[in-house]
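Working through the structure, step by step
Okay, here's what each chain looks like letter by letter:
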Amino acid sequence: MGSRQVALKYAAVGATQVRSRWTYVGERLLSNLFLAVIIYVFVQLWRATYSGTGASIDGLTLPQMIWYFVATEAIQFSMPRVHSLIETEVRNGDLALRLNKPYQYLGFHVAAFLGDGVVQLAAALPVAAAVALLTVGPIAVPLYAIPVLLFVWVTTLLLHFAWAAMIGLCAFWLEDVSGVYLILDKFKWVMGGFMMPIALFPDWLQRIAGSLPFKYMFGEPARLMVQFSWAKVGALLSGQALWLVIMFALLYGVYRLGVRRVDSNGG
Amino acid sequence: MAGSKFFGFIGGYWRANWAAAMEYRASFLMQFFGMFLNDGIWVLFWSLYFTRFPMVKGWTLQDLIMLWSIVTASFGLAFGVFYNAARLPELVVQGQLDYYLALPKPVLLHLLVSQFRFLNLGDALFGPLLLLFFAKLTLVKLLLYILVVLCGTFIFLGFAVTVGSLVFFLGQAEGLAGNLVGVLVHFATYPTGIFSKGVRVLLFTLIPAGLVATLPVQILRDFNWGDLGLLVVGAVGFASLGALLFTLGLRRYESGNLMMMRQ
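Calculation rules
- Residue indices begin from 1 for each chain and proceed along its sequence in written order.
- Numbering of ligands from 1 and lettering of chains from A proceed in the order in which they are written.
- A pLDDT threshold of at least 70 governs which residues receive local features in this predicted model, and a stricter bar of 80 or more applies before side-chain atom pairs are shown or counted, although totals over entire chains, interfaces and linings include all residues.
- Segments assigned H or I by DSSP are reported as helices when at least four residues long, segments assigned E as strands when at least two residues long, and all are numbered from the N terminus.
- We compute the radius of gyration over the C-alpha atoms and compare it with the globule rule, which gives 2.2 Å times the number of residues raised to the power 0.38.
- Here a residue counts as buried when 20 or more other C-beta atoms fall within 10 Å of its C-beta, as exposed when 12 or fewer do, and as partly exposed in between; the C-beta atoms come from the backbone.
- With C-beta atoms placed from the backbone, a contact is any residue pair whose C-beta atoms sit within 7 Å.
- For this analysis, nonpolar core means a set of buried Ala, Val, Leu, Ile, Met, Phe, Trp, Tyr and Cys residues linked through C-beta atoms within 7 Å.
- Axes here mean lines fitted to C-alpha atoms, for a helix over just the part in contact, with angles spanning 0 to 180 degrees between N-to-C directions.
- Here is the rule for angles: anything less than 35 degrees is roughly parallel, anything more than 145 is roughly antiparallel, 65 through 115 is roughly perpendicular, and the remaining ranges are oblique.
- Just so you know the grouping, Ala, Val, Leu, Ile, Met, Phe, Trp, Tyr, Cys and Pro go in nonpolar, Asp, Glu, Lys and Arg go in charged, and all remaining residues, Gly too, go in polar.
- Each crossing is labelled by how the near helix is turned from the far one, with a counterclockwise turn of less than a right angle marking it left-handed and a clockwise turn marking it right-handed.

Looking now at the overall build of chain B. For chain B, the count of helices and strands is 12 helices and 0 strands. From first element to last, N terminus to C terminus, chain B shows the α and β order α-α-α-α-α-α-α-α-α-α-α-α. Its C-alpha atoms give chain B a radius of gyration of 19 Å, near enough to 18 Å, the size a compact globule of 263 residues would have. Projected onto the principal axes, the alpha-carbon positions of chain B cover approximately 60 × 45 × 35 Å. By the burial criterion, 44% of the 263 residues in chain B qualify as buried. For chain B, the share of sequence-separated contacts (at least 6 apart) that also reach a separation of at least 24 residues comes to 77%.

Okay, here's the thing in structure tokens:
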């Protein structure tokens, strides 16, 4: 099968996922009302913070800071719970049944993850953006930046996929991965600048965060949205490319190790 | 129910729940310590925040640590030990109250004590340990801490049962109840001082985040009987409201005619 046909196959998986999830986009919008509360609370916290410090923190105005959090939350809320799906498939044996299908197990999940993510983004971004617009007003994002930002959203989600799928695959060795997920997910939040821009950390922690992939999963893409520049695009995409190679190699290694433990006993 | 029978009934359930947790020990420990470290990371975030901005609206890191030690303990007790309070809408919609209705025990109490949630037991331990390591404690403060945590537990429980009971009246409202409990927890983990006056009124009434978080911190920081009285009234009020709505709602409950093992 040629590479074009392979690409088309996985694109079809993603498109099917979009169609199937789009049916429930209204319900997702309603359930994302909690996201509105999160952004509202962030606005109050940072408004109080700015009132004591001045007009700019780390080069960001209050509206830019809030839109930074709109971006990080939109990334987080658009991420399907793939770790839990893979954990279930490993534990109940569905993974073994999928091994003889005409697709790569991880490739299938990447495509479905992105498809699901599109719908989740469509249900999360308008809610978060509406609260930001109503509370701090708009920020200037050039029109030509929008396709670039959408592409960056895809590359960012791929990094998240690799991280979450690795956690899900731990089910080959652990009885329950929810505890591991809780810890590693929150670690990603802090080190990625999800809860606070990394530039506000103490120097020693900034150095640690700078050497990890998580800043490319939250902080840098969000920063790009609020202060778009082509120099930032180049730095972000090259950093993401490097970590995509490393993390997908690790993911594939973990997957191969895990699959060795699978026993199939007929149909 | 006589006192000894009452406590024997609750104790029996808790022993059984604990035995179930020990049956899946690895899973229990992973979830327990997972949540414990999860809370620790939130406190790390606040430490980073207050390192950069030492005081926000009169709140310092010490106050935030106190707030987290109270909220995690009361939330952990409410949903770790009485997990079915959070599952109430799901149980009603699926017709799973039948089991409790058929037995000669108070339905709401029986429902609440019958399931632990390992994850939230991690919260319940995190709170006291945080206090022990990061706050200056006296015996009086320790007793006050226990009291405010218990009041917070009743408020969380009362609130969860109140919003969960809405499902008796509204039908499919599982998502709504879960969201409202999420909103309460979210507001409770931030200093109330950052919100406008109008929102603060809301946080001391409809969504009692101020009652489970800010007021207890105030009581431990600068004790006065008025605040303590207000907290106790809040706890009794929310617990009673939950019990009342559940009782009224139960009259509208229709059996699920389920033939299945109770989970």
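Read on for the rest.
Formed by 154 residues in total, the largest nonpolar core has its most connected members in I39(A), I66(A), A128(A) and A85(B). The element that contributes the greatest number of residues to this core is helix α7 (residues 105–136) of chain A, accounting for 15 residues. Aside from chain neighbours lying at most four places away, what touches I66(A) is F42(A), V43(A), W46(A), A132(A), T135(A) and V136(A).

Attention shifts here to the interface of chain A and chain B. Interfaces are often sized by the amount of accessible area the parts lose when they come together. Across the contact, 28 residues belong to chain A and 29 residues belong to chain B. Looking at the side of chain A that touches chain B, the elements with two or more residues in it are α3 (33–53) and α9 (178–192) of chain A. A total of 11 residues in the side of chain A that touches chain B trace back to one element, the largest contributor, which is α3(A).

Residue and element names in this part refer to chain A. With their axes 10 Å apart at the nearest point, helix α8 (residues 145–169) and helix α11 (residues 219–226) run at an angle of 175 degrees to one another. It follows that α8 is roughly antiparallel to α11 by the angle criterion. Mapping the contact onto sequence places L149, V152 and T156 in α8 and P221, L224 and M225 in α11. Its residues assigned to classes, the contact of α8 with α11 shows 5 nonpolar, 1 polar and no charged.

Residue and element names in this part refer to chain B. Looking at where D39 falls in the secondary structure, it is placed in helix α2 (residues 25–52). The spatial distance from the C-alpha of D39 to the C-alpha of G122 is 8.8 Å, given a sequence separation of 83 residues. Beyond its immediate sequence surroundings of up to four residues, D39 is in contact with T72, D123 and F126.

This paragraph deals with the packing of helix α4 (residues 62–77) of chain A against α7(A). All names here are of chain A. Where α4 meets α7, the closest approach of the two axes is 9 Å, and the angle between their N-to-C directions is 165 degrees. Considering the angle they form, α4 stands roughly antiparallel to α7. Crossing of α4 over α7 shows right-handed handedness. Counting all contacts with α4, which are made through L62, P63, I66, W67, V70, E73, A74 and F77, the residues of α7 involved are Q120, L121, A124, L125, A128, A129, A132, T135 and V136. Taken together, the residues that form the contact of α4 with α7 break down as 14 nonpolar, 2 polar and 1 charged.

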